[in-house]
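Geometric and topological summary
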Amino acid sequence: MDVFTYDPGFTSTASCESTITFIDGDKGELLYRGYPIDQLAEKSHFLEVCYLLLFGELPNAAQLEDFENRVTRHTMLHEQMVYFFRGFRRDAHPMAVMCGVVGAMSAFYHDSTDITDPWQREVAQIRLIAKMPTIAAWAYKYSIGQPFIYPRNDLDYASNFLHMCFATPCEEYVVDPILARAMDRIMTLHADHEQNASTSTVRLAGSSHANPFACIAAGVASLWGPAHGGANQACLEMLREIGSPDRVDEYVKKAEDKNDSFRLMGFGHRVYKNYDPRAKVMQETAKEVLDLLGVKDNPILQTAQALEKRALEDEYFISKKLYPNVDFYSGIILEAMGFPTAMFTPIFALSRTVGWISQWKEMIEDPVQKIGRPRQLYTGAPMRDYIDIEKR
Ligand code: CMC
C-alpha cells in the first residue's frame, strides 16, 4: 500500500519550482525576480513590474513601450460582454460578477485559448492584464447603477482604472497624480506572492490544460475568501466596528480568547513571521493619500494605528509572530479614494492577475509539469457489504 505524507494546508510541501517570487518570511523580505518589493514600489511602476514578472527581466525602453502598446490595444471588452454584466442582479458582489465575467472570456476570445500555441498563450496573458481593470470597473459601475465608462488609452494603467470607476458621461474625472501613484503602488504590491491559495488554485486548474481564462476565474474565486484576498474588506469592516482607539483593547483581548473565533483581520500570515514588507509601503502610502485628501483625525486611521501599536506590544501577538499584513492599510487608502469595501477584493484580483498568469505561464512551459493530483489519507469505513434499504 502507498504511504503518503499528511500535510494539511501544505505548510511544508513545495508544489513546484519557480523563478518568479521569493519570500523570506523570517526576515520579512519579498523579491520579484530578485528585486526587492520596496525598490519596485518606489522606483518602478505596475506595467514595468508586469513585464518583469512575465518575462523575467526588467524591460529596456523599447521593450516597455512595445509591451505598453500591446496592453493598451486590448483594454476594451467585447461589446457583447455588456449583456453578460447586465444578466447579474444589481446587488451582486463585484467579486461574484468577476468570477463569472473572467470565466466567460473563454467564450469570447477563442483565438487565445489553444495553450499549445505560444503566440495564443501570450495573447491570453496580455488580454487578461489589459481587460481586468475594465472588468473590475464595470462590475463597480453596474453595482451602483451608473453607465459603463470605456477605457482611455491615453492614460496610464492606474489612472485609466480610476477614470473608469469615477468618471461619468456627464463629468470627466481628473485623476490626481498622487492618487494614481498610490493605486499603482497597491497594484505593484499585490502583483505576486508565490504559491498562495489563489495562485495554487490557478496552477492546479491549469495543470489539466484548461484554458487560461477559466484558470484565472478559478483564482478569482479562491481569492475572494476572508482568509485570503477578502481580508482587506473584512479588515476595514472590523476597524469600523471597533470605531475608536479606546475600544482597541477589547478587540485585542477578543482575538486572544481561545473560545472566541474572532481574529484580527489584517494580522498574521502563513509565511511572514515578521513585518510584511508590503504593509510598510502601504502604511506610508496611506499617510500620503490622507494628507492629499486633507483627511485629518480620521477615526479609522487612528483606530488602525492604535490597534497596530497595541498588538505589536502584546504577548499573544509577539509569541505567535503575528504582524500587520498587506491588507491592514490597503483598505484605508481605497476607502479614502472613494471605493466602497466591496471593491477592495476586486482591486486585489486585478492586481494579482499578472502573478496568476505569470505562474500559469511558467507551469505550462515547464517540461516536467504534470497534472496536479494530491493524494489523501483515507479515514472512512473499511470495505463492507451493501445493505438493502428495508434492513437499514
Ligand atoms: N488574530 C488572532 N489570532 C491569530 C490570527 C489573527 N489574525 N492569525 C493567526 N492567529 C493565531 C491562530 O489562532 C493560531 O493560534 P493557535 O496556535 O493557538 O491555534 C496561530 O495564530 C496560527 O494561526 P493559523 O491559522 O494556524 O495560521 P495560518 O498560517 O494557517 O493562517 C492566516 C494565516 C493569514 C490565514 C491567519 O493569520 C489569519 O486568519 N489572519 C487574518 C486574515 C488575514 O488578514 N488574511 C490576509 C492574509 S495576507 C493577504 C493574502 O495573502 O491574501
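Residues numbered from 1 in each chain as written. Predicted model: local features only at pLDDT ≥ 70, side-chain atom pairs only at ≥ 80, totals over all residues.

Helix and strand counts for the protein come out as 17 helices and three strands. What you see for the protein is a C-alpha radius of gyration of 22 Å, in line with the 21 Å of a compact globule of 392 residues. Based on the C-alpha atoms only, the size of the protein along its principal axes is roughly 70 × 55 × 50 Å. Within the protein, contacts between residues separated by at least 24 positions form 76% of all contacts whose residues are at least 6 apart in sequence. (Helix = DSSP H or I, 4+ residues; strand = E, 2+ residues; numbered from the N terminus. Rg over C-alpha atoms; globule rule 2.2 N^0.38 Å. Contact = placed C-beta atoms within 7 Å.)

The subject of this paragraph is the nonpolar core. Judged by nonpolar contacts, the single largest core of 110 residues is most densely connected at Met98, Val102, Ala136, Ile216 and Val220. Considering every element that reaches this core, the biggest residue donor is helix 6 (residues 118-144), with twelve residues. When neighbours within four sequence positions are excluded, Ala136 is seen to be in contact with Pro94, Met98, Pro346, Ile347, Ala349 and Leu350. (Core = buried A, V, L, I, M, F, W, Y, C linked by C-beta atoms within 7 Å. Buried ≥ 20, exposed ≤ 12 C-beta atoms within 10 Å, placed from the backbone.)

Pairing in this open sheet of three strands is antiparallel, and the strands run 1-2-3 from one edge to the other. Two strands bound the open sheet, and with one partner strand each, they are strand 1 (21-24) and strand 3 (35-36). (Pairing = 2+ DSSP bridges.)

One non-glycine residue, Glu194, lies in positive phi territory at about 40°. Structurally, Glu194 can be placed in the loop between helix 8 (177-190) and helix 9 (197-206). Taking the number of C-beta atoms within 10 Å as the measure of exposure, Glu194 has 16 and is therefore partly exposed.

Around the ligand, the surrounding shell holds 21 residues, and the nearest of these are Ala231, Arg263, Phe267, Gly268 and Arg270. By residue class, the composition of the shell around the ligand is eight nonpolar, nine polar and four charged. (Near = placed C-beta within 6 Å. Nonpolar A, V, L, I, M, F, W, Y, C, P; charged D, E, K, R; others polar.)

Our focus in this paragraph is the pairing of strand 1. Burial along strand 1 is one-sided: the residues Thr21 and Ile23 are buried and none of Phe22 and Asp24 is. Between the antiparallel neighbours strand 1 and strand 2 (residues 29-32) lie four residues, among them Gly28 with a positive phi of about 75°.

The next subject is the packing of helix 8 against helix 13 (residues 277-292). Relative to each other, helix 8 and helix 13 sit at 165°, their axes nearing to 10 Å. By the angle between their axes, helix 8 is roughly antiparallel relative to helix 13. Along this stretch, helix 8 crosses helix 13, giving a crossing that reads as left-handed. Contact with helix 8, carried on its side by Ile178, Leu179, Ala182, Arg185 and Leu189, involves Arg278, Val281, Met282, Thr285, Glu288, Val289 and Leu292 of helix 13 and no other residues of that element. Residue classes in the contact of helix 8 with helix 13 are distributed as eight nonpolar, one polar and three charged. (Axes fitted to C-alpha atoms, helices over the stretch in contact; angles between N-to-C directions. Parallel < 35°, antiparallel > 145°, perpendicular 65-115°, else oblique. Left-handed = near helix turned anticlockwise from the far one by under 90°.)

What follows deals with helix 9. The buried fraction of helix 9 amounts to seven of the ten residues, a majority that puts the element mostly inside the structure. Among the residues making up helix 9, those that are buried are Ser198, Thr199, Thr201, Val202, Arg203, Ala205 and Gly206. Where helix 9 is buried, its residues meet helix 10 (212-223) and helix 17 (344-365).

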